[in-house]
Amino acid sequence: MSAVTNDAVIKKAAKVYQAEFGINRIYAHVLAVKNVTGKLPLGPSHAIAHKAKPFIKWVGGKRQLLKQFKELGLYPPDGFDPVRHRYFEPFVGGGAVFFDLEPEKAYLSDSNAELVTTYKVIRDDVGSLIKSLKKHRYEEKYYYKVRAQDPVSLSDVEVASRFIFLNRAGFNGMYRVNKSGKFNIPFGRHSNPLICDVENLRKVSETLQHTEIKVADYKKVLRYAQKGDFIYLDPPYYPVSKTASFTAYTAEEFLEKEQIELRDTFLELHKRGCFVMLSNSDTPFINKIYTEIKDRKINIHKIKAGRMINSDASKRGKINEVLVTNY
Ligand SMILES: C[S@@+](CC[C@H](N)C(=O)[O-])C[C@H]1O[C@@H](n2cnc3c(N)ncnc32)[C@H](O)[C@@H]1O
């Protein structure tokens, strides 16, 4: 088959998958390429049912919101061409949007070094990681022993194994470190948590094969973004109230100054010709700083999140979010 016919066949198959399975355009294209090149022996519906999903629970995970992003017609952006351009997710966390899209060319990064090491180990040495994860036990005393380990003294596989174990066995899948950078989430009350999800880890490993993964501040990575690239920004949210501040993912804070710097980065990416989509809390401050740049075709959309935002159950409330786009 000639390249031109191949392209036409891929396009047609992708359209059919989108309509038939209700999947997004980017992932539908990836599946179509695989099918046409004989890499889907069990067919598209099997691939969809066994798709990779986030391997950690992460505060602010976006899985439940994707449907609303799609319904607004904003996700993925119509003009984004995943064959010629790249996808950037510089606050990757659990990576819900990345795993939904499975773009061919992706740059994933985060400032959390242990999280990034975990992504890399899954990509490059998933067999050793699975072996190590199988050794963990869901017991309180054991949990605190593992928590007390200093990641600096561990190999990369051990760092990843400890990270996943603490996430699965700890309270609510939260990540928080104290001032000296020590992970301090207590043991969680789960009934028999799945510490080692072999099938999903192998799928995640496959999905990560063609991705670049870096520990970096978002600004550093975004220097490489070019016209036509799609950037999803999901920073630590600006707190709804002072007491609701829960965004202690790392020892660093992400308050007014950092949010304004991010807004300026958004504007710069917009000027460069990138497709930019950003999530944040629906607060007066966030609305104000993005309204200031609204004349440049930047739109603020409201999302009903219904997400719990406080680790203290008595103070939990549902918050709304904004989705800011430049398209
Ligand atoms: C809201 S979470 C992202 C959640 C993610 N979208 C998901 O679905 O799980 C924000 C992430 O930003 C990271 N982060 C915080 N400050 C950062 C910075 N300056 N540069 C890059 N990443 C940062 C945190 O480690 C955290 O993983």
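Residues numbered from 1 in each chain as written. Predicted model: local features only at pLDDT ≥ 70, side-chain atom pairs only at ≥ 80, totals over all residues.

Undergrad: Before we go on, may I ask you to explain the nonpolar core in this structure?
TA: Across soluble globular proteins, nonpolar side chains show a tendency to be buried alongside one another. In terms of nonpolar packing, the biggest core is built from 75 residues, with Ile122, Ala160, Ile231, Leu233 and Val276 touching the most fellow members. The element that contributes the greatest number of residues to this core is helix α9 (residues 156-169), accounting for eight residues. (Core = buried A, V, L, I, M, F, W, Y, C linked by C-beta atoms within 7 Å. Buried ≥ 20, exposed ≤ 12 C-beta atoms within 10 Å, placed from the backbone. Helix = DSSP H or I, 4+ residues; strand = E, 2+ residues; numbered from the N terminus.)

Undergrad: I tried to follow the site of the ligand on my own but got confused; where do I start?
TA: Surveying the vicinity of the ligand reveals 21 residues, the closest of which are Gly60, Phe91, Gly93, Gly94 and Ala96. Residue composition of the shell around the ligand, by class: nine nonpolar, seven polar and five charged. (Near = placed C-beta within 6 Å. Nonpolar A, V, L, I, M, F, W, Y, C, P; charged D, E, K, R; others polar.)

Undergrad: Got a minute to help me understand unusual backbone geometry in this structure?
TA: Keep in mind that most residues, glycine aside, have a negative phi and that most peptide bonds are trans. Of the consecutive residues tyrosine 75 and proline 76, the connecting peptide bond is found in the cis state with omega at -15°. Tracing the backbone through its elements, the reader meets proline 76 in the loop between α4 (66-71) and β1 (87-89). For glutamate 102, which is not glycine, the phi torsion reads 50° and is therefore positive. Summarising the element assignment, glutamate 102 is placed in the loop between α5 (96-101) and β2 (106-110). Of the residues examined, glutamate 102 has 23 C-beta atoms within 10 Å and is grouped as buried. In this structure, asparagine 172 is a non-glycine residue whose phi angle is positive, near 55°. On the basis of neighbour count, asparagine 172 is assigned to the partly exposed category, with 15 C-beta atoms found within 10 Å.

Undergrad: Where do I start with the packing of helix α7 (residues 126-133) against α9 in this structure?
TA: Any two packed helices are characterised by how steeply their axes cross, that is the angle between the axes, and by the distance between the axes. One can describe the packing of α7 onto α9 by two numbers: an axis separation of 9 Å at closest approach and a directional angle of 55°. Overall, the two elements α7 and α9 adopt an arrangement that is oblique. For the pair α7 and α9, the sense of crossing is right-handed. Residues Ser128, Leu129, Ser132 and Leu133 of α7 touch α9, and the partners they reach there are Val157, Glu158, Ala160, Ser161, Ile164 and Phe165. (Axes fitted to C-alpha atoms, helices over the stretch in contact; angles between N-to-C directions. Parallel < 35°, antiparallel > 145°, perpendicular 65-115°, else oblique. Left-handed = near helix turned anticlockwise from the far one by under 90°. Contact = placed C-beta atoms within 7 Å.)

Undergrad: Help me out: how do you make sense of the packing of helix α12 (residues 256-272) against helix α13 (residues 284-291) in this one?
TA: At a minimum axis distance of 10 Å, the contact between α12 and α13 shows a crossing angle of 30°. As far as their axial angle goes, α13 and α12 are roughly parallel. Crossing of α12 over α13 shows right-handed handedness. Contact residues: Glu256, Gln259, Ile260 and Arg263 in α12; Phe285, Ile286, Ile289 and Tyr290 in α13. A breakdown of the residues in the contact of α12 with α13 according to their chemical character gives five nonpolar, one polar and two charged.

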